[in-house]
Amino acid sequence: MPSDPMPPLGAVLPRHRDLYYAGAWQRPLAGGVTDLTSPGTGESLGTVADADATDAEAAILAARRGFAEWRDVAPLERAKILRRMAQIVRDNARDLALIDAADCGNPVTAMLGDADIASAQLDFFAGLVTEMKGASIPMGPNAVNFSMREPRGVVAKILPFNHPFMFCAGKIAAPLAAGNAVVVKPPEQAPLSSLRFAELIEGLLPEGVFNLVPGGRAVGEVLASHRHVAMVSLIGSVPTGRAVMRSAAETIKPMLLELGGKNALIAFPDADPRRVATALAAGMNFTWCGQSCGSTSRGFIHADIYEAVLAHLREACAAYRPGLPTHAETTMGAIVSRTQYDRILDFIGSARAEGARLVTGGGHPADPALAEGCFVEPTVFADVTPSMRIAREEIFGPVLAIASWTSEAAMLEEVNAVDYGLTCSIWTQDLDRAHRTARTVEAGFVWINEVSKHFLGAPFGGVKLSGLGREECLEELLAYTQEKNIHIALGPARPLCGAGA
Ligand SMILES: NC(=O)c1ccc[n+]([C@@H]2O[C@H](COP(=O)([O-])OP(=O)(O)OC[C@H]3O[C@@H](n4cnc5c(N)ncnc54)[C@H](O)[C@@H]3O)[C@@H](O)[C@H]2O)c1
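Residues numbered from 1 in each chain as written. Predicted model: local features only at pLDDT ≥ 70, side-chain atom pairs only at ≥ 80, totals over all residues. Heavy atoms only, no water.

- Per an unreviewed UniProt entry, the protein goes by Aldehyde dehydrogenase family protein and derives from Aureimonas flava.
- Under the UniProt heading Sequence similarities (unreviewed entry), the entry covering the protein gives this text: "Belongs to the aldehyde dehydrogenase family." (UniProt positions renumbered as here; feature names shortened; annotations may be inferred.)

Structural notes on the confidence of the model for the protein
- Averaged over the protein, the pLDDT score is 97; the fraction of residues at 70 or greater is 98%.
- The ipTM for the predicted assembly is 0.96, set against a pTM of 0.96. (pLDDT = per-residue confidence, 0-100.)

Some words on the UniProt feature "domain: Aldehyde dehydrogenase" (unreviewed entry) in the protein
- Per the UniProt record, "domain: Aldehyde dehydrogenase" (unreviewed entry) is found at residues 34-486.
- The span residues 34-486 is 39% helical and 19% strand by assignment, and the distance between its end C-alpha atoms comes to 50 Å. (Helix = DSSP H or I, 4+ residues; strand = E, 2+ residues; numbered from the N terminus.)

A closer look at the pairing of strand β18 (residues 445-448)
- Residues of β18 alternate between two faces, with Phe445 and Trp447 buried on one and Val446 and Ile448 left unburied on the opposite face.
- Alignment of strand β17 (residues 423-427) against β18, held across four bridges, turns out to be parallel. Bridging from a neighbouring strand, Ser425 pairs with Trp447 of β18. (Buried < 20%, exposed > 50% of the residue type's maximum accessible area, 1.4 Å probe, protein only. Pairing = 2+ DSSP bridges.)

Quick notes on the pattern of salt bridges
- The final tally for this structure, using the stated rule, is 19 salt bridges.
- Where Lys80 meets Glu77, a salt bridge forms, and the shortest distance between an N and an O atom there is 3.1 Å. In this pair, Lys80 and Glu77 are both assigned in helix α3 (residues 75-91), three residues apart and thus about one turn of the helix distant.
- Its relative accessible area of 46% is what places Lys80 among the partly exposed residues.
- For Glu77, a relative accessible area of 38% puts it in the partly exposed group. (Salt bridge = Lys/Arg side-chain N within 4 Å of Asp/Glu carboxyl O.)

What to know about the site of the ligand
- Near the ligand lie 26 residues; those nearest to it are Leu159, Ser237, Thr240, Leu259 and Glu394.
- Alone, the ligand offers 850 Å² of accessible surface; in the complex the protein occludes 91% of this.
- Per-domain counts for the shell around the ligand show at least three residues from each of domain 1 (9-259 + 466-485) and domain 2 (264-448). (Near = heavy atom within 4 Å. Areas by Shrake-Rupley, 256 points an atom, 1.4 Å probe, with all protein chains shown as cover. Domains from an automatic or database assignment.)

Here we look at the sheet that holds strand β6 (residues 143-151)
- Reading across the sheet, the three strands line up as β5-β6-β20 and stay open at both edges, with antiparallel pairing between neighbours. Of all strands in the sheet, those with a lone pairing partner are β5 (135-137) and β20 (481-489), marking the two edges. Put simply, the sheet's adjacent strands are angled 25° from each other on average, direction ignored.
- Across nine bridges, β6 lies against β20 in antiparallel orientation. Along β20, the bridge assignment pairs Ser147 with Asn485. (Axes fitted to C-alpha atoms, helices over the stretch in contact; angles between N-to-C directions.)

A word on the nonpolar core
- Residues Met85, Leu176, Phe197, Leu205 and Phe210 are the most contacted members of the largest nonpolar core, which totals 66 residues.
- When near neighbours in sequence (up to four residues on either side) are disregarded, Phe210 contacts Tyr20, Cys168, Ile172, Val182, Val184, Phe197, Ala198, Ile201 and Leu205.
- Residues Ala277, Leu313, Ile335 and Ala401 belong to the second largest nonpolar core, which totals 49 residues. (Core = buried A, V, L, I, M, F, W, Y, C linked by side-chain atoms within 4.5 Å. Contact = heavy atoms within 4.5 Å.)

Focus on the side chain of Thr423
- Structurally, Thr423 can be placed in strand β17.
- Within the structure, Thr423 has its side chain in polar contact with the backbone oxygen of Gly294 (distance 3.0 Å).
- In contact with Thr423, other than residues within four places in its own chain, are Asn263, Ala264, Gly294, Thr296, Ala443, Phe445, Trp447 and Phe460. (Polar contact = N/O pair within 3.5 Å; in protein donor to acceptor, adjacent residues only side chain to side chain.)

Structural notes on a nonpolar patch on the surface
- Taken together, the side chains of Val144, Ile488 and Leu490 present a nonpolar region at the surface, about 200 Å² in accessible area.
- Along the polypeptide, Ile488 turns up in strand β20. (Patch = residues over 30% accessible without salt bridge, like charges linked within 9 Å, V, L, I, M, F, W, Y side chains within 5 Å.)

Focus on the domain arrangement of the protein
- As far as domains go, the protein holds domain 1 (9-259 + 466-485) and domain 2 (264-448).
- Each of domain 1 and domain 2 was reduced to a C-alpha centroid, and the two centroids are 31 Å apart.
- With 24 residues of domain 1 at the contact, the number on the domain 2 side is 28 residues.
- When domain 1 packs against domain 2, close to 1,900 Å² is buried across both sides, 63% of that on carbon and sulfur atoms.
- On the domain 1 side of the contact with domain 2, Pro107, Phe161 and Ser466 bury the most area, a combined 26% of that side's loss.
- If you look at where domain 1 meets domain 2, you find zero salt bridges. (Buried area = accessible area lost by both parts, 1.4 Å probe.)

A word on the UniProt feature "active site" (unreviewed entry) in the protein
- The sites that carry the UniProt feature "active site" (unreviewed entry) are, in the present numbering, Glu258.
- By the secondary structure assignment, Glu258 is in strand β11 (residues 255-258).
- In this structure Glu258 comes out as buried when scored by relative accessible area, which is 6%.

Points about the sheet that holds strand β14 (residues 357-360)
- Spatially, β14-β15-β16-β13-β12-β17-β18 is the arrangement adopted by the seven strands of the open sheet, whose pairing is mixed. Each edge of the open sheet carries a strand with a single partner, namely β14 and β18. On average, each strand axis in the sheet is inclined to that of its neighbour by 20°, with strand direction left out of account.
- Helix α12 (residues 306-318) contacts β13 (298-302), β14, β15 (379-382) and β16 (399-405) of the sheet and is inclined by roughly 45° relative to β14.
- Contacting β14, β15 and β16, helix α13 (residues 338-353) runs over the sheet at an angle of about 25° to β15.

Here's the deal with the pairing of strand β7 (residues 154-158)
- Taken across its five residues, β7 has five buried, putting it largely inside the fold.
- Covered by surrounding structure in β7 are Val154, Ala156 and Ile158 together with Val155 and Lys157, the residues of both alternating faces.
- Sheet topology note: the β7/strand β8 (residues 181-185) ladder contains five bridges and is parallel. Bridge pairing links Lys157 to Val184 in β8.
- Here four bridges tie β7 to strand β10 (residues 231-235), and the two strands are oriented parallel to one another. Following the sheet pairing, Ile158 is matched in β10 by Leu234.

Spelled out as structure tokens, the structure:
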């Protein structure tokens, strides 16, 4: 918990509400603006620019010019600038966390953790700049053949609403470290922390290297389809992933996609029911209302420990109490928007109608202080069957669906029956069984007797519909590079022969 009192929100909000490109603040060319509302209180947060396609093109052109300069900055110089950005994030963590709390509804104290993660990512990729290595290939005494890695060019980063600031600051680390210029499209629901970040790092990078275009889908579509964007990276939903792939097809753009999840937590009969219950609550990321791609929103609990786990689970969920996101003691925030709130309540209604057993939660909290905000209690349904909507669809809300099992084979079939494949958490004391299960589940990131955590350096990403590529590791840096092979003929000139096709 922060020791100093929280500053007033008005003192930390960004002064600039426009676009940032070519090293300066720019008005949207068609003058578009959109209103922002705080999801915790329903209060207005003012307006912000709503960029359109022509704005996106202007930012891309600025980024092209920025790239021409940035690619030639020595890697260790680039690293120094990234480290300065990391320090700026640390120095301003509380203000950035408060902006996100007001704008996206996540609790301010938890958002300080987002600032830690973003600054750690900036430092991590700063440390990897010289790992963008090529290789030499033996070709005999009269030639030198080597490959080198180059940055790709302009990289578009299209971001979702659940960790606005962490994604804006942390996810530009790898492309910038590799020598690319970036055009960031922040989430339309919560762009303010990205604008504040742009203010804070103003002047640190050459003009056009970091560009920020607040707007909606129209901006994303231009970024994904434009011939001068060399690569697109999206964190978002599966339908948006498909749309981005279609937009990028014309220009054969490489991409990184971090998409949705409907992840499983599996408990075997030898697992401790209390620890499993705590893991189920922690794995749901109730702090930010389950609005997390990696949330383990499906619990598969062996029948032997099923009721014991459910009994502990009520207590584990009680640790998360919805409260005003900007208050330091709040342990669970608000849903990002009225649209998402209505969607989540609709899922809860479907679970009731389809006969799931409500264990805890199930609606808006009774606290009158929260009446105007988009709050939903931590909600758990038991006896969920595979055909229910809450068993199959990503809710992106604080709704956990639990089922009991007796046949390991049938349970694993059900775990793998969804088209998503991001994370999975396995609870057992039997190492053979844990390892066998980890090999069988279709997921890109698996915890054994652990849940929710990410580990910088360990590849994070999904299989099946959950995405393409891996982040938070060396592979992320390398994804923003392309290989060029160079062959140098040495010695006296010889007749050309054996020319390639
Ligand atoms: N795998 C991960 O690491 C990860 C992390 C966080 C969130 N997510 C996923 O994000 C989703 C929730 O976030 P959201 O509702 O903001 O997602 P979303 O897909 O609605 O929007 C994400 C971003 O894409 C933009 N966008 C929307 N349509 C577009 C189009 N046709 N072309 C280009 N851009 C477009 C949006 O404006 C926004 O900036 C969930 O599905 C969640 O699982 C995944």
